[in-house]
Amino acid sequence: MADQAMKSLGSVLARQGILVAFILFMVSFTLWNPRFIDIDNVFGVIRSSAILGIMALGVTFVVIGGNLDLSVGSMLSFSAIVVLDLHENPAFGPALAIPAMFAMTLCLGAINGFLIGYLRLNSLIVTLGMLSAIHGLTLTYSGGQNMDIANQNETWFDVFGRGEALGIPVPVLIFLLLAAFLGIVLAKTPFGRKVYAVGGNGTAATFSGIPRARVVFMTYLISAFCVATAGLIQASRTMGAQNTVGQGMELEVLAAVILGGASLLGGSGTIFKTVIGVLILGFIQNGLLLAGLEFYVQFVVTWIIIILAVWLDIATKRGKLWSPIA
Amino acid sequence: MQNETLKRLIKNGAIWAFIVIQLVFFEVAGRWWSLSDSAFMDLDNMLLLLKQSAPIGIIAIGMTVVMINGNIDLSVGATYALAGIVMLDSMNWPFMEAMGDAAIPLAWLFALFTGAILGLINGVIVWKTGVDAFIVTLGAMLGYRGLVFMYNGENPTYHLNWTMVDFAEADILGLQTPALVFIAVVLIVWLMMTRTVHGRNAYAIGDNREAAVNAGIRVGPHIVVNFVLIGFLAALSAVAFYSGSGSVNPNDGMLFELWAITAVVLGGTKLAGGRGSIIGTLGGVIAIQLLRKGLGHIGADTETVNLVIGTILIAVLFLDRQLNRKGAEELKV
Amino acid sequence: MTDHTPALRLEGIVKTFPGVRALDGVSFSVLPGEVHALMGENGAGKSTLMKVLGGIYQPDAGKIFIEERETEMRGPLEAKANGVMFIHQELSLAEELSVAENIYLGELPRKSFGRVDWATLYSRTDAILEKLKVGFNARTLVGDLSIANQQMVEIARALTVDAKAVIFDEPTASLTDAEKVVLFDVIEGLKAQGVGIIYISHRMEEIFKMTDRISVLRDGEYRGTLNTAETNEDEITQMMIGRSLDISRNVEQVELGPVALRVENLSCGHLFEDATFEVREGEVLGFYGLVGAGRTEIAETLFGLRKPTSGQIYLKGEAVKITSPIDAIAKGISLVPESRKEQGLVLGMNCRDNMTLPQVGDLTAGPFVSDGAEISIYDQYRDRLSIKSPSWKTAVGNLSGGNQQKIVIGKWLSMQPEVLIVDEPTRGIDVGSKSEIHNLLRGLAKQGYAVIVISSEMPEVLHVSDRIVAMYHGRIMREFCATEVTEDSLIQAISGIEGTAA
C-alpha cells in the first residue's frame, strides 16, 4: 500500500513537478518576505512578464505541434515599429494602425507556416532565416531609426501598455484573457486535439486523416497573432521602440515554454503549464530583486532550473537518473 | 553512382559558386552602374574582409564540429563575452599589473581556459543527463550571460594595453592577427576532422549513432571533447577580437550563435549531423561577410543584408530538399 | 562440410516478453563451413533469436557455445569479439564516411597525435575488397553505393575479424538477380574458409540452392533440423506451419454482396505494377506475400497516401480518384496501418483521444469537443472489442500490443467504413488477442463489410480470408479460393517460383 502511495506520489511529482516546484518556491519566498505575495507585487510581476508571456502562449502551440519558432523576437520588433510608424502616419492613426500591423505580422506568420507546414522545411532553420530576414525588414522599414510617438498626450494609444481596467493593468488583463482563450482552444477544441496529434506523431496524424500541413500553418498564425499583441503592448507601454526591442527574446520565450514542461519533440505541454513557466521566470526575477540581488542573477538561476526540470522529466521517463550514453 | 557523385559535387561547390557570383556581381554593379568609384575585388578589401569575418568565423568552425557530431551550441555568444571579460579584467589584477606586458599571454590563457571550462560544463551535462544539447545550451546561453553581467554589472570592462593592441594589429602579408588566427583555426580543425580518429568518429556518431555505439565508439567523451573545443574557440575568437578593441560590453556576442549557425548551414552542414565540412563553413562565413560588404559597396542600405541572408538561408534549405526528393514513388506523409 | 566441433551451438534458449514466450527452448548447432538455413514464419522467433545471439537481448535461460566454449553475449561488442558477425537487413552504416572507415568503424588504425593511419586502413580494406571482387574501392563514400554494394560493405566488416559464425538476415531482400550471384559467391567463399553461416530467408529457391541444413522454428519452438539434400519444400512448409493438415480454415459460406471495391491495372512506379482485384461486401480478401512484395503500398495507394502512376479504382462501380487520407475517409475507406506505433497511434495520447482522432472534428458541441460523444464512442468499441485498459485516460503507449491494436481497429470501425483494409492485423501481439482479432475480422465480413487483410502469416490469411491474392515483387501472381488452396502453392506463389504466375 505504502509502495502504491509512493508510486502515485512519484507520478504526480513527475507530471506536475513544475507546479510543485512553483508552489514551494512561492511559499518559501513568502515566508521570508511577506511582501512577495502582496497583490501589487503580484500584478507587478505578471505585468512585467506579460509581453514574454503572450509570446510564449503562441510558441506553445508551435512547440506542441512539433516545431520551433525562433522568429518571434524580431517579429516583435517589427510589429512594434510598424504600429508606431503607422500611428504617426496621418492616413492611419491609431484606429487603423493596429489592424494594419496585425495584418502585416500575420503575413509573416503565414510565410513561416507555409514554408514549414506546406513545404515541410526544417522549422529551426526557416525561423532562423526569418529571424534575420524580419530584422532586416524592420531596419529597412524604419531606416534604422527608432520610432517615437510625438504627441503622447493626444492619443489613447497608451491604454494597452499603461492603462488599467477594473483595477487590473491592461497588459495583465490581455495576457490572462488570451491565456484563458488559447488554453480553451488547445484543450477543448478539435483543432487543439489535432495540434497534439500532429506534434505527438505526425505520421499517425496523417494516417488518421488530419491535415498536418494546415494544422502546422495555423500554429504559426497563432504565434504571429500573439507576437502582434505583444508588440502592441510593448509599443504602447513605451510609446516608442527601438529596432532591436525584441532581440534575443526568442530564446527566452522558448525557455519559458520548456520550463513549463513542453517537449521539444512535440505533442506535450499545455497553456496552463506555459503560464506557470512564465510566472516562475517572473517571480524568480522578482524574488531575487526583493532579496537585493541584481536582475541578471535570474539568468543563472533560470539556467539551473531549466536543466534540472528537463533532466528530472527525462529521468523519470527512462527510470534512470544518468543517461545510458557510453 | 555517377548521379550521387554529381549531386555531391554540386552541393559542395554551391557555396563557392555563390561567392564567385557575388564577387562578379558587386564588381560589375559597382563599376558599370557607377554605384561606387572603387574596385570591389581589391586585395586590401579582401584582406579586410577576412579580418572582419574572423570573430564569427572562428566560432562557426567550432559550431561545424558540434553540428557534425549531431549537437548544437547556443551558448557561444555568452561564452565569447565572458572570455573577453576575463581576459581584460585579469589584466587589472594587481599581480598581473605588476608583471607588465608579460601578463598578456597569461591573460589569454585565462580567457581560453574559461571558454574551455564553459564548453566542458555543457558537454558533461549533455553526456551525463541525456538532455538534448539544444536545451542544455539554451539554458547555458542565459546562464553564461548571467555570469557575464554578474562579473561587472552592466558596465563595460576595459583595459587598454598598447602592446596587446599592436599585437592584434600586427600583420603578415597584409593579414592582421584575427585573420591569421581564423585561417590557422580553419586549417587545424580541418585537419582534425579529416585526418584524426576523433574527427572521423565525430562524423560517424552524427551520421548513425546506433552504428557507432555498436561498433564500440564511446559517444560521450567525443561529445564532451567537441563542446570543449567550441568553448575554446569562442574564447579564442574573443582573444583575437578584444586584444585589439580593449573593451567588452556585457551584451557583446548576442546572436553570435545564430549567425554562426547560419554560416554553418549555408556551408552545407546537415542539421541532423553526420555531414558537413570545415571548408564549406569557411565558404559560408565568407559569403555572409561578402554580402554585407558588397551591399555597402554598391550603396545599398546595409540593413538589407539581414533580409538577403535570411532569404538565402531558406532558399538553400528549399533547394537542398528538392535535390533529395525521391520522386513520384514517395509516400505523402 | 567438414565435420568437427560446431562453430556455434545454442542450447535451450528461452526468452519471454510480457505475454509472449518468444523463444521456448531453442537448440541447434552450426558447423564450420556449413550454410545453415533458419526458417520460420514471421513471428516464429527468428529475429528474437538473432538479437539474443547479437547480445541485444539477454536470454532468460539457455547457453551459447562458440566452438564449444560457453559464451555470454552481453552486448554487440562482445558478439563481435567472439567472432559472431551479422549482416543486417537494415544496414547499419554511416553514409557520409568512406567504405574503409565503415568497415573499421570503432577500430580505425592510429598514428601519432590521434591521426588515422590511412595507408594501413586502405591497404587492409583493399585486401578484403579484393576477396569480395566488388566494383568499388576503399575510398568510395558509402552513401554513393547501391544497396547491394552497401551490403557488401557489411559483409566486408564481417571479414575483418576472425569470424566463427556469420548471420545473414534476409540478405537478398533488395538485391537484383545479378547482385544475388555475387552474394552467393561470397557466401561460398566464406564457407570454404570454414566459417559457419546462418542464412535466414523465406525464399525456398535460395534455401535449396545455398544451404546444407535447415532448422525450423515455429511459435518460438525449435521444430527440428533436416539435411537440405534429403528434404523438399513440402516437408519444410509443413514444419513451418505445423498445423498444415488440420489448419483451421475459413469455410463459412457468406452471402456476398455487390462489389465494393474494384481495382484495375493499378501501378505505382516499380513498387507494384498492374494490380487488378476486387472485393465484395461480406467478403474478406487476403493479401499474402513477403515483406516488400508491394502489398502495403497498394493499401497506401487506396488510402490516398501514394499517387498511382496508372490504373483505375472503382468504389461501388464508380470510378474514383483518391487524393489524400481525408478523401479516402470521406469515400468510406479505412486503413489499419502496418506499423501500429509509427502510423497507427499517437503513443503519448490517451486511449479515447486516439480512437476518436479521425472524427474529432465532428464530435462537437458548439465549438468544443464533446466529452460525452467521445466517451460514448470509446465505451462502445471498448466493449465490442473487449479492450482492456485501466481507463480511457491511460496513455496508449502503456497498453499491451494487443490492446493497442484493438484501439486502432476500433478507431477505424467507428468511422463506419465501406471498405476496411487491415495491414498485418496481429503483428507482434499475443496469441489470445490474435484469435480475438481474427474472429472480429470474420464477424465484420458477416455484417457486410468489405474487408482486405494483408498478412505475412499463412495461418492468418487462411483463417480469415475468403479469397487470397498472392504477391511477389510488386506483382499479383495468383488469386486463390481460400477453401481450396494448398499451403505449397501459396508458398510457391509468394516465393516467385517459376510456373506459378497466373
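Residues numbered from 1 in each chain as written. Chains lettered and ligands numbered in written order. Predicted model: local features only at pLDDT ≥ 70, side-chain atom pairs only at ≥ 80, totals over all residues.

Some thoughts on the overall build of chain C
The secondary structure content of chain C amounts to 17 helices and 22 strands. Taking 23 Å as the expected radius of gyration for a compact globule of 502 residues, we find that chain C reaches 25 Å, a close match to that expectation. Sorting the 502 residues of chain C into buried and exposed places 50% on the buried side. Looking at chain C alone, contacts between residues at least 24 apart form 67% of all its contacts between residues at least 6 apart. (Helix = DSSP H or I, 4+ residues; strand = E, 2+ residues; numbered from the N terminus. Rg over C-alpha atoms; globule rule 2.2 N^0.38 Å. Buried ≥ 20, exposed ≤ 12 C-beta atoms within 10 Å, placed from the backbone. Contact = placed C-beta atoms within 7 Å.)

Let's talk about the confidence of the model for chain A
With 95% of its residues at a pLDDT of at least 70, chain A reaches an overall mean of 88. Element-level mean pLDDT values for chain A span from 71 in helix α1 (residues 2-32) of chain A up to 97 in helix α8 (residues 190-200) of chain A. (pLDDT = per-residue confidence, 0-100.)

A look at the interface of chain B and chain C
Taken residue by residue, the interface counts 26 residues in chain B and 26 residues in chain C. Among the elements of the structure, α1 (2-32), α9 (197-207) and α10 (209-214) of chain B are those that each provide at least two residues to the side of chain B that touches chain C. Among the elements that take part in the side of chain B that touches chain C, α9(B) stands out by supplying 6 residues, more than any other. Residues of the side of chain B that touches chain C, tallied by class, amount to 11 nonpolar, 7 polar and 8 charged. (Nonpolar A, V, L, I, M, F, W, Y, C, P; charged D, E, K, R; others polar.)

Quick notes on the sheet that holds strand β15 (residues 318-320) of chain C
All names here are of chain C. Reading across from one edge, β12-β11-β14-β15 is the order of the 4 strands in this open sheet, with antiparallel pairing throughout. Looking along the sheet, the strands with just one partner apiece sit at the ends: β12 (272-280) and β15. On average, each strand axis in the sheet is tilted by 20° relative to the strand beside it, whichever way the strands run. Summarising the sheet, strand β14 (residues 310-315) and β15 pair through 3 bridges and their orientation is antiparallel. Residue Tyr-314 lies in a different strand from β15, and its bridge partner there is Ala-319. (Pairing = 2+ DSSP bridges. Axes fitted to C-alpha atoms, helices over the stretch in contact; angles between N-to-C directions.)

So, the sheet that holds strand β16 (residues 333-336) of chain C
Two orientations exist for strands paired in a sheet by backbone hydrogen bonds: parallel and antiparallel. All names here are of chain C. The 6 strands are arranged β16-β19-β20-β13-β21-β22 in an open sheet whose pairing can be described as mixed. Here the strands that pair on one side only, and so sit at the sheet edges, are β16 and β22 (475-481). Between one strand axis and the next, the sheet turns through 20° on average, direction left out of account. Contacts from helix α9 (residues 295-302) reach β13 (284-289), β16, β19 (419-423), β20 (450-455) and β21 (467-472), with the element oriented near 145° to β19. Sitting on the sheet, helix α17 (residues 487-494) is in contact with β13, β21 and β22, with an inclination near 35° to β21.

Digging into the interface of chain A and chain B
With 45 residues of chain A in contact, the opposing surface of chain B contributes 49 residues. Elements represented by at least two residues in the side of chain A that touches chain B include exactly α5 (123-142), α9 (202-207), α11 (249-259) and α13 (297-318) of chain A. For the side of chain A that touches chain B, the leading source of residues is α5(A), giving 14 residues. For the side of chain A that touches chain B, the residue count by class is 31 nonpolar, 13 polar and 1 charged.

Describing unusual backbone geometry
All names here are of chain C. Residue Glu-68 is not a glycine yet carries a positive backbone phi of 65°. The residue Glu-68 is located in the loop between β4 (61-66) and β5 (69-71) in this model. The phi torsion at Gln-416 lies on the positive side, around 50°, for a residue other than glycine.

What about the pairing of β16(C)?
Residue and element names in this part refer to chain C. Alternating residues of β16 divide into Ile-333 and Leu-335 and Ser-334 and Val-336, and every residue in both groups is buried. Pairing of β16 with β19, which is carried by 4 bridges, proceeds in the parallel orientation. Residue pairing for β19: Ser-334 is matched across the bridge by Leu-420.

Topic: the environment of B:Met91
Within the secondary structure layout, B:Met91 lies in the loop between α3 (76-90) and α4 (94-99). Not counting chain neighbours up to four residues away, the residues in contact with B:Met91 comprise B:Met96, B:Ala103, B:Ala107, B:His159 and B:Asn161.

Some points on helix α8 (residues 177-195) of chain B
The terminal C-alpha atoms of α8(B) lie 26 Å apart, and with 19 residues this matches the ideal 27 Å at 1.5 Å per residue to within 8%. The inward-facing, buried residues of α8(B) contact α2 (43-68), α7 (162-169), β3 (175-176), α9, α11 (219-245) and α13 (278-297) of chain B. (Expected span 1.5 Å × (residues − 1).)

What to know about the packing of α3(B) against helix α12 (residues 256-266) of chain B
Residue and element names in this part refer to chain B. Viewed as axis vectors pointing N to C, α3 and α12 meet at an angle of 125°, and their least axial separation amounts to 6 Å. Judged by the angle between their axes, α3 and α12 are oblique. On the side of α3, the interface is formed by Val-76, Gly-77 and Tyr-80, while α12 contributes Phe-256, Glu-257 and Ala-260. Its residues assigned to classes, the contact of α3 with α12 shows 4 nonpolar, 1 polar and 1 charged. (Parallel < 35°, antiparallel > 145°, perpendicular 65-115°, else oblique.)

Let's talk about α9(C)
Residue and element names in this part refer to chain C. Judged by how many residues are buried, α9 sits mostly within the fold: 8 of 8 residues are covered. Of all the positions in α9, only Arg-295, Thr-296, Glu-297, Ile-298, Ala-299, Glu-300, Thr-301 and Leu-302 are classed as buried. Just past α9, the residue Gly-304 takes up positive phi, approximately 80°.

Some details on the domain arrangement of chain C
Residue and element names in this part refer to chain C. Annotation of chain C at the domain level lists domain 1 (8-242), domain 2 (247-332 + 417-502) and domain 3 (343-416). Using C-alpha coordinates to define each centre, domain 2 is positioned 25 Å away from domain 3. Listed as interface residues are 10 residues of domain 2 and, on the opposing side, 9 residues of domain 3. Here the side of domain 2 that touches domain 3 gets 4 residues from one element, more than from any other, and that element is helix α15 (residues 431-446). For the side of domain 2 that touches domain 3, the residue count by class is 6 nonpolar, 2 polar and 2 charged. (Domains from an automatic or database assignment.)

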